[in-house]
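Geometric and topological summary
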Amino acid sequence: MSDLPVRPASPGRFISFEGIDGAGKSSHIEATADWLRSRGHEVLLTREPGGTPLAEQLRTLLLQSPMDALSETLLVFAARRDHLQARIEPALARGAWVLSDRFTDATFAYQGAGRGFDLAVLQQLETWVQQGRQPDLTVWFDLPPAVAAERRAAVRTPDRFEQQDLAFFQRVRDGYAARCAADAGRFVRIDSHQPKEAVWADLRQALEQRAW
Ligand SMILES: Nc1ncnc2c1ncn2[C@@H]1O[C@H](COP(=O)(O)OP(=O)(O)OP(=O)(O)O)[C@@H](O)[C@H]1O
Ligand SMILES: [Mg+2]
């Protein structure tokens, strides 16, 4: 008898979807899930902050209650810890594909670049909480903040983050660009300033290129 863990026949994959509010994440995560399911994969659709009962409660606090950047960051990582342990890791272990609407790059972009929180502290929290786990692929939907604001305004009233001004979203966008440059092999940048069909075509091509 071997003590080695049983490995699933086909390994699970972890894909995160990133970009500023209104960039097109939600519009394309569902299409990606359908595409993967049509290829026979089990798909877990999830989001951050959130994905578990505890993390969803923390999400509600984060979106509604004003707090300082350190409190915000600690709550985000507490939610992430629960999400990883209770949902993401078990799904990957059984061979599912995990699609998450935001993950740690959003923390670097929003709390780091957007709010000016110390990036070195974020890196430490990332190491502690993730224990080496990173998405296999991160899809970054890149859209000029002014265009994203127009798209958001057309559909809903803003939450606490969405009420920020364009300069804030420009910093967040630059934060994503920095994360992308620092880990180019993990990222694919999708130009979201084009019709939905063209955005989806670019994304599908990026997925197919990985021969998954
Ligand atoms: N390529 C596109 N062209 C025009 N409108 C788009 C495009 N992609 C998405 N939209 C529209 O823009 C709005 C925002 O898109 P979506 O909700 O997918 O963004 P999101 O990145 O999930 O935003 P959030 O972070 O706020 O959840 C939606 O009304 C969506 O229908
Ligand atoms: Mg969304």
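See the structure shown above.
How each quantity is defined
- Residues numbered from 1 in each chain as written.
- Chains lettered and ligands numbered in written order.
- Predicted model: local features only at pLDDT ≥ 70, side-chain atom pairs only at ≥ 80, totals over all residues.
- Heavy atoms only, no water.
- Pairing = 2+ DSSP bridges.
- Helix = DSSP H or I, 4+ residues; strand = E, 2+ residues; numbered from the N terminus.
- Axes fitted to C-alpha atoms, helices over the stretch in contact; angles between N-to-C directions.
- Contact = heavy atoms within 4.5 Å.
- Core = buried A, V, L, I, M, F, W, Y, C linked by side-chain atoms within 4.5 Å.
- Buried < 20%, exposed > 50% of the residue type's maximum accessible area, 1.4 Å probe, protein only.
- Near = heavy atom within 4 Å.
- Polar contact = N/O pair within 3.5 Å; in protein donor to acceptor, adjacent residues only side chain to side chain.
- Areas by Shrake-Rupley, 256 points an atom, 1.4 Å probe, with all protein chains shown as cover.
- Nonpolar A, V, L, I, M, F, W, Y, C, P; charged D, E, K, R; others polar.

Notes on the sheet that holds strand 3 (residues 97-101)
Pairing is parallel across the open sheet formed by five strands, whose spatial order is 2-3-1-4-5. The sheet is open, and its two borders are formed by strand 2 (43-47) and strand 5 (187-191), each paired with just one other strand. Going from strand to strand, the sheet's axes swing by 20 degrees on average, the running direction of each strand aside. Note: strand 1 (residues 13-18) against strand 3, five bridges, orientation parallel. By the bridge assignment for strand 3, Phe17 is matched with Asp101. Those strands touched by helix 3 (residues 69-93) are strand 1, strand 2 and strand 3, and its axis lies near 160 degrees from that of strand 2. On the sheet, helix 4 (residues 104-114) packs against strand 1, strand 4 (137-142) and strand 5 and is oriented at approximately 25 degrees with respect to strand 1.

What about the nonpolar core?
Counting residues in hydrophobic clusters, the biggest one holds 36 residues, and the most contacted among them are Ile15, Phe17, Leu99, Tyr110, Val139, Phe141 and Leu203. Of all hydrophobic cores here, the second largest spans 16 residues; its members include Ala69, Leu84, Phe103 and Leu122.

Some thoughts on the site of ligand 1
Around ligand 1 there are 18 residues in total, and Gly22, Lys25, Ser27, Arg156 and Gln194 lie nearest to it. Taking Gly22, its main chain carries an N or O atom lying 2.8 Å from an oxygen atom of ligand 1. One nitrogen or oxygen atom from the side chain of Lys25 is found 2.7 Å from an oxygen atom belonging to ligand 1. Protein contact buries 78% of the 630 Å² of open area that ligand 1 shows by itself. When residues of the shell around ligand 1 are traced back to their parent elements, those giving at least two are helix 1 (25-38) and helix 8 (196-209). Of the residues assigned to the shell around ligand 1, the class counts are five nonpolar, six polar and seven charged.

Coordinates in, geometry out; function isn't part of it.
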